[in-house]
Amino acid sequence: MSKVTVVGAGNVGATAANVMAIREVADEVVMIDIKEGVSEGKAMDMMQTANLLDMNTRISGVTNNYEATANSDVVVITSGIPRKPGMTREELIGVNAGIVKQVTESVLKYSPNAVIVCVSNPMDTMTYLIHKVSGLPKNRIIGMGGALDSSRFKYYLSKALGANPNEVEGFVIGGHGDTTMIPMRRFATLRGIPCETLLDKDTMDKVVADTMVGGATLTKLLGTSAWYAPGAATAEVVEAVIHDQDAIIPCSALLDGEYGEKDLCIGVPCVLGKGGIKKIIEIDLNDEEKELFAKSAAAVHKTNEALPC
């Protein structure tokens, strides 16, 4: 029996739980929230779709009862305040650091062997914080951001190409921030054909720029952080772990010499499967990409300095 806990039953957490249930990623999904009745009500609503969607996953919701999360294989942490229009992810650090620290300690009390997937913003720094407060092996802590950024990159590529999104491949490395992410244009393809041969430079430049502010664009439109794509990206990461897929997904991982960085969580391509991160894939970056990655890493290091611990 596989079990996933989602901490935080807000828009992102509930969407992640719903996608995991529909895709039957795990046998059981538990949502936990601090607000009375929210996780219980959303779980009940989702379970009332089980017959309609031929869904076999059992979903439950609890309020502040971490005992119900015991023996989870994967714990997803979405807790914290969301972005508002005009806010950067980094501005959330003060409030969200305290929340993420408390949540990490609570879930590990009942699921000491779980893989933790961090969604809370600023995501790279919160992933780093979980490493510091948990003492877990680095393979068992994954930051979700690269999966989401890559899905947005593929969306903008498909729009520019007028192509089926399912036939577009592309990925993003670097920090999960509007100025720190690095859409890897050199590796983007449409059915194996390099996108740089199908799009002119100005169009590709716009795709990259739109990807980098993809979250901010949605926050401005919605008045809060997006949730459908973040929830689905989270579910993709969890599915790779639970089903031992050996899937290559860009994630925020703790580097120990890879890409010339140490003591830093930042987005890089990872092989995900049982136990979390099985391998960090080191791409041979060109000079321009190396410079962009170094700048991104420096920015994440600076944000980490604001952590209270």
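See the structure shown above.
Residues numbered from 1 in each chain as written. Predicted model: local features only at pLDDT ≥ 70, side-chain atom pairs only at ≥ 80, totals over all residues. Heavy atoms only, no water.

A.B. asks: Before we move on, could you go through a nonpolar patch on the surface and cite the residues and values that matter?
C.D. replies: A cluster of nonpolar side chains, contributed by Ile-22, Leu-52 and Leu-53, occupies part of the molecular surface with about 320 Å² of accessible area. With respect to the helices, strands and loops of the structure, Leu-52 is situated in helix α3 (residues 50-53). (Patch = residues over 30% accessible without salt bridge, like charges linked within 9 Å, V, L, I, M, F, W, Y side chains within 5 Å. Areas by Shrake-Rupley, 256 points an atom, 1.4 Å probe, with all protein chains shown as cover. Salt bridge = Lys/Arg side-chain N within 4 Å of Asp/Glu carboxyl O. Helix = DSSP H or I, 4+ residues; strand = E, 2+ residues; numbered from the N terminus.)

A.B. asks: Which residues make up the side chain of Thr-15, and what values do they have?
C.D. replies: In this fold, Thr-15 is placed in helix α1 (residues 11-22). We classify Thr-15 as buried; its relative accessible area is 13%. If we skip the residues at most four places from it in the chain, Thr-15 touches Gly-10, Trp-227, Tyr-228 and Gly-231. (Buried < 20%, exposed > 50% of the residue type's maximum accessible area, 1.4 Å probe, protein only. Contact = heavy atoms within 4.5 Å.)

A.B. asks: Account for the pattern of salt bridges, naming residues and giving values.
C.D. replies: Applying the stated criterion across every chain, the model contains 13 salt bridges. Across the pair Arg-185 and Glu-196 runs a salt bridge whose closest N-O atoms are separated by 3.3 Å. Placement of the pair is Arg-185 in the loop between β9 (181-183) and β10 (189-190) and Glu-196 in the loop between β11 (193-194) and α7 (201-212), with a sequence separation of 11 residues. Here Arg-185 falls in the partly exposed class, since its relative accessible area comes to 22%. On the accessibility criterion, Glu-196 (40% relative accessible area) is partly exposed.

A.B. asks: Quick one: what's the story with the packing of aromatic side chains, residue by residue and with numbers?
C.D. replies: Two measures describe an aromatic ring pair: the distance that separates the ring centres and the angle between the ring planes. A complete count under the given rule lists four aromatic pairs for this structure. With a centroid separation of 5.6 Å and 40 degrees between ring planes, the pair formed by Phe-171 and Phe-187 is classed as tilted. Taken together, the positions of Phe-171 in the loop between β7 (168-169) and β8 (172-174) and Phe-187 in the loop between β9 and β10 put the pair 16 residues apart, joining distant regions of the chain. Ring centres 5.5 Å apart and planes at 45 degrees place the aromatic pair Trp-227 and Tyr-228 in the tilted group. (Phe/Tyr/Trp six-rings, centres within 6.5 Å; stacked < 30°, edge-to-face > 60°.)

A.B. asks: Pulling in residues and values, what's your account of unusual backbone geometry?
C.D. replies: Across the junction of Asn-121 and Pro-122, the peptide omega takes the value -5 degrees, indicating a cis bond. By the element assignment, Pro-122 lies in the loop between β5 (115-118) and α5 (123-134). With phi around 65 degrees, Asn-71 is a residue other than glycine that occupies positive phi space. Within the fold, Asn-71 resides in the loop between β3 (58-63) and β4 (74-77). Judged by relative accessible area, Asn-71 falls into the exposed class, the value being 62%. One non-glycine residue with positive phi stands out, namely Asp-246, at about 55 degrees. Among the secondary structure elements, Asp-246 is positioned in the loop between α9 (228-242) and β12 (247-256).

A.B. asks: Give a description of helix α4 (residues 93-110) that names residues and reports values.
C.D. replies: An ideal rise of 1.5 Å per residue puts 26 Å on 18 residues; α4 measures up with 26 Å between its terminal C-alpha atoms. Looking at α4, one finds that the buried residues are Ile-93, Asn-96, Ala-97, Val-100, Val-103, Thr-104, Ser-106, Val-107 and Leu-108. Close packing links the buried residues of α4 with β1 (3-7), β4, β5, α5 and α10 (287-304). (Expected span 1.5 Å × (residues − 1).)

A.B. asks: How would you sum up the sheet that holds β10? Please name residues and give values.
C.D. replies: Strand order in this open sheet of three strands is β7-β10-β11, and the pairing throughout is antiparallel. With partners counted over all chains shown, the strands left at the sheet margins are β7 and β11, one partner each. Across two bridges, the pairing between β10 and β11 is antiparallel. Counted as the bridge partner of Thr-189 is Pro-194 from β11. (Pairing = 2+ DSSP bridges.)

A.B. asks: An account of the layout of surface pockets is requested, with residue identities and associated values reported.
C.D. replies: For the second largest pocket, the calculated volume is near 550 Å³. Along the wall of the second largest pocket there are 21 residues; nearest its centre are Ser-151, Lys-154, Glu-169, Gly-170 and Glu-236. For the lining of the second largest pocket, the elements supplying multiple residues, two or more each, are α6 (145-161), β7, α9 and β12. Looking at the lining of the second largest pocket, the element that brings in the most residues is α6, giving six residues. Here the residues of the lining of the second largest pocket sort into 13 nonpolar, five polar and three charged. (1 Å grid on protein atoms, 1.4 Å probe; cavity = no way out; pocket = protein on both sides within 12 Å on 5 of 7 lines; lining within 4 Å. Points joined across faces, edges and corners; volume = space filled by probe spheres on them. Nonpolar A, V, L, I, M, F, W, Y, C, P; charged D, E, K, R; others polar.)

A.B. asks: Mind laying out the pairing of β1, listing which residues take part and the relevant values?
C.D. replies: A regular strand places its side chains so that they alternate between the two faces of the sheet. A large share of β1 lies buried, amounting to five of its five residues. Of the two faces of β1, the one holding Lys-3, Thr-5 and Val-7 and the one holding Val-4 and Val-6 are both buried throughout. In the sheet, β1 pairs with strand β2 (residues 28-33) via five bridges, with the strands oriented parallel. Bridging from a neighbouring strand, Val-7 pairs with Ile-32 of β2. Read as a crossover between parallel neighbours, the route from β1 over α1 to β2 is right-handed. As paired strands, β1 and β4 are joined by four bridges and run parallel to one another. From the neighbouring strand, Thr-5 faces β4, where its bridge partner is Val-75. (Right-handed = clockwise from strand over helix to strand, strands pointing away.)

A.B. asks: Which residues make up the nonpolar core, and what values go with them?
C.D. replies: Ranked by size, the top nonpolar core spans 55 residues in total, and within it Met-20, Met-31, Val-237, Val-268, Leu-272 and Phe-293 carry the most contacts. Once residues within four sequence positions are removed from consideration, Val-268 is found in contact with Ile-173, Ile-249, Pro-250, Cys-251, Ala-253, Leu-255, Tyr-259, Ile-280 and Phe-293. (Core = buried A, V, L, I, M, F, W, Y, C linked by side-chain atoms within 4.5 Å.)

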